[in-house]
Amino acid sequence: MAKSYENEHPIKAFGWATRDTSGVLSPFNFSRIVTGEKDVQFKAMYCGICHSDLHQLKNEWGNSKYPMVPGHEVVGVVTEVGSKVEKFKVGDKLGVGCMVGSCRKCENCSVDLENYCPRQIPTYNGNSLDGTLTFGGYSAMMVSDEHVVVRWPENLSMDAAPLLCAGITTYSPLKYFGLDKPGKHIGVVGLGGLGHMAVKFAKAFGTKVTIISTSTNKKQEAIERLGTDSFLISRDPEQMNAAMNTLDGIIDTVSAVHPILPLLMLMKSHGKLVMVDAPEKPVELPVFPLLMGRKLVAGSCIGGMKETQEMLDFAAKHNITPDVDAVPMYYVNTALESLLKSDVKYRFVLDVDASHKPPRGTNKKLILIQSSKYIELYKANSWIIDDIPSSHKGIK
């Protein structure tokens, strides 16, 4: 007999899940835990679509658990708090990022680096302390321990949800590796969801920024709108040679396999190349350039809870938000297809609440061209009444 996720916990919940490696999401009834004494229950309002969601949905990293409700960039409003909750009250805005738990006892946890805890519990595609699957923010509500919940600044738009992953993923290495000092010259490899956030934070820190990209058609956007200082085409040997030994550090945001040597040659002595995305195959690392310039190649993964709150407060103070296209939950499959084709500037955000008023940046074209194959799929399973549903009503 199939397991009943709807009756696993006391609180009924609704979201969108994939059941297998097809990665196609469809309505999913499941359940959440009762709000404990240190827990916060909240209504999800917005959830960012991260590129890692694509990998997880299709088991491209080999660790996917099904059924899967993705989403680890969740912004919502508190609806209930436990008796010992201190930081939140009903009606507060909050955010939940890539993790919903850690051991709180290890060396990393003791210094606010829960993101490197060996027993970290991911927001989705993981296992809770009771062994049940964790389900993420492509859902109407969540319950989380207040320790892994951050306050959402009042002056920060709620659809800036990608700050909880793309934001902290780029903010943290800039700070940790000393690449946040005014006057430093920072390279950013790739101009996508992560790359454009790296540019925004680096510029806010007062650094000089150079984009390194294979795409010439991103140059005007990078310089005129994002304010980058220069733009290098990585496939142009002349440009790359002219820029040798000019960068203090590089944030590499590209998930595709790409050569590391040209990037090492761009850095000054003591330069730091920090990789924040994970290519599916191992990259080739030439050692000789490291020796001759005492250069470093490092990695960085999100940030701890204290640093994530710091990042949000910094973003609010400096008016730093991701560039988003907000779309209703019902268009999630089409949005994922567009993301796979890099057909978005720069991140999709799901309007989980399905407000009748179009959110900031709504991609009306995307709504109009919703793939007919998904409409037919939903109809065939009685998941919707109309071709273009306007709320969660009509889901059976």
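The structure under discussion appears in the preceding block.
What this report covers is the structure whose coordinates are included nearby. All values reported here derive from a predicted model rather than from experimental measurement.

Turning our attention to the nonpolar core. If you look at the biggest cluster of nonpolar residues, it comprises 51 residues, and the most contacted ones within it are W152, L163, L174, F201 and L312. Looking at this core, the elements that each hand over two or more residues are β3 (39–48), α3 (166–176), β10 (185–189), α4 (193–204), β11 (208–213), β12 (230–233) and α9 (305–317). Looking at this core element by element, the count peaks at six residues for α4. Beyond its immediate stretch of four places on either side in the chain, L312 contacts V150, R151, W152, P153, L156, L163 and L164. Counting 43 residues, the second-largest nonpolar core is a separate cluster that includes M329, Y331, L336 and L339.

Put simply, the second largest pocket is a space of about 720 Å³. Taken together, 28 residues line the second largest pocket, and the ones lying closest to its centre are I33, V100, I121, S128 and L129. Taken together, the elements giving at least two residues each to the lining of the second largest pocket come down to β2 (26–32), β6 (99–101) and β8 (141–145). In terms of residues, the lining of the second largest pocket owes the most to one element, β8, which gives four residues. Counted by class, the lining of the second largest pocket contains nine nonpolar, eleven polar and eight charged residues.

The next point concerns unusual backbone geometry. Cis geometry marks the peptide bond from Y66 to P67, where omega comes out at 0°. Relative to the elements of secondary structure, P67 occurs in the loop between α1 (51–57) and β4 (74–81). Put simply, K345 and Y346 share a cis peptide bond, and its omega is -10°. In this structure, Y346 sits in the loop between α10 (332–340) and β17 (347–351). Despite not being glycine, R104 shows a phi value in the positive range, around 65°. The residue R104 is located in the loop between β6 and α2 (107–110) in this model.

Looking now at the packing of aromatic side chains. With the rule as written, the count across this model stands at twelve aromatic pairs. Between Y171 and F314 the ring centres are 5.8 Å apart and the planes differ by 55°, which places this aromatic pair in the tilted class. Here F314 lies in helix α9 and Y171 lies in helix α3, a separation of 143 residues in the sequence. Exposure remark for Y171: the relative accessible area of 1% places this residue in the buried category. Taking the centre distance of 4.9 Å and the plane angle of 85° together, the rings of Y176 and F177 count as edge-to-face. Of the aromatic side chains, those joined through ring pairs into one cluster are Y5, F28, F30 and F135.

On to the sheet that holds β12. Pairing between sheet strands relies on hydrogen bonds along the backbone, with the strands arranged either parallel or antiparallel. On the basis of which strands lie adjacent, the open sheet formed by six strands has the order β12-β11-β10-β13-β14-β15 and parallel pairing. The outermost strands of the open sheet, each flanked by one partner alone, are β12 and β15 (296–299). For this sheet, the mean inter-axis angle between neighbouring strands, taken without regard to orientation, is 20°. By the bridge criterion, four bridges tie β11 to β12 in an arrangement that is parallel. Pairing of S213 across the sheet is with I233, part of β12. Across the sheet, α4 is in contact with β10, β11 and β13 (247–252); its angle to β11 comes to roughly 165°.

This paragraph deals with the pattern of salt bridges. One pass over the structure, following the stated rule, counts 14 salt bridges. Close ionic contact of D92 with K89 constitutes a salt bridge, the shortest N to O distance being 2.9 Å. Owing to a relative accessible area of 18%, D92 belongs among the buried residues under this scheme. Given a relative accessible area of 53%, K89 falls into the exposed group. Note that R104 and D145 form a salt bridge whose closest N and O atoms lie 2.9 Å from each other.

Conventions adopted
The numbering scheme is per chain: residues are counted from 1 as the chain's sequence reads. Note on the predicted model: pLDDT of at least 70 is required for a residue's local features to be given, and 80 or more for side-chain atom pairs to be given and counted; whole-chain, interface and lining totals, by contrast, use all residues. Processing note: side-chain calculations cover all non-hydrogen atoms of the structure and skip hydrogens and water entirely. Note on terminology: a nonpolar core comprises buried Ala, Val, Leu, Ile, Met, Phe, Trp, Tyr and Cys residues joined through side-chain atoms within 4.5 Å. To sort residues, take the accessible area from a 1.4 Å probe on protein chains only and compare it with the maximum for the residue type: under 20% means buried, over 50% means exposed, and anything in between is partly exposed. Going along the chain from the N terminus, every DSSP run of H or I of four or more residues is numbered as a helix, and every run of E of two or more is numbered as a strand. Working rule for contacts: check all heavy atoms of both residues, and any pair within 4.5 Å makes them a contact. Method remark: on a 1 Å grid restricted to protein atoms, a set of points is classed as a cavity if a 1.4 Å probe fits but cannot get out and as a pocket if it is open with protein on both sides within 12 Å along at least five of seven lines; lining residues have an atom within 4 Å of a point. Grid points are joined across faces, edges and corners, and a volume is the space filled by probe spheres set on the points. Classification used: nonpolar for Ala, Val, Leu, Ile, Met, Phe, Trp, Tyr, Cys and Pro, charged for Asp, Glu, Lys and Arg, polar for all others including Gly. Pairing of aromatic rings covers Phe, Tyr and the six-membered ring of Trp, with a centre-to-centre limit of 6.5 Å; geometry is then stacked below 30 degrees between planes, edge-to-face above 60, and tilted otherwise. Whether two strands pair comes down to DSSP finding at least two bridges between them. Convention adopted: a line fitted to C-alpha atoms gives each axis, helices being fitted over their contacting stretch, and angles between N-to-C directions are expressed from 0 to 180 degrees. We define a salt bridge as a contact between a side-chain nitrogen of Lys or Arg and a carboxyl oxygen of Asp or Glu at a distance within 4 Å.

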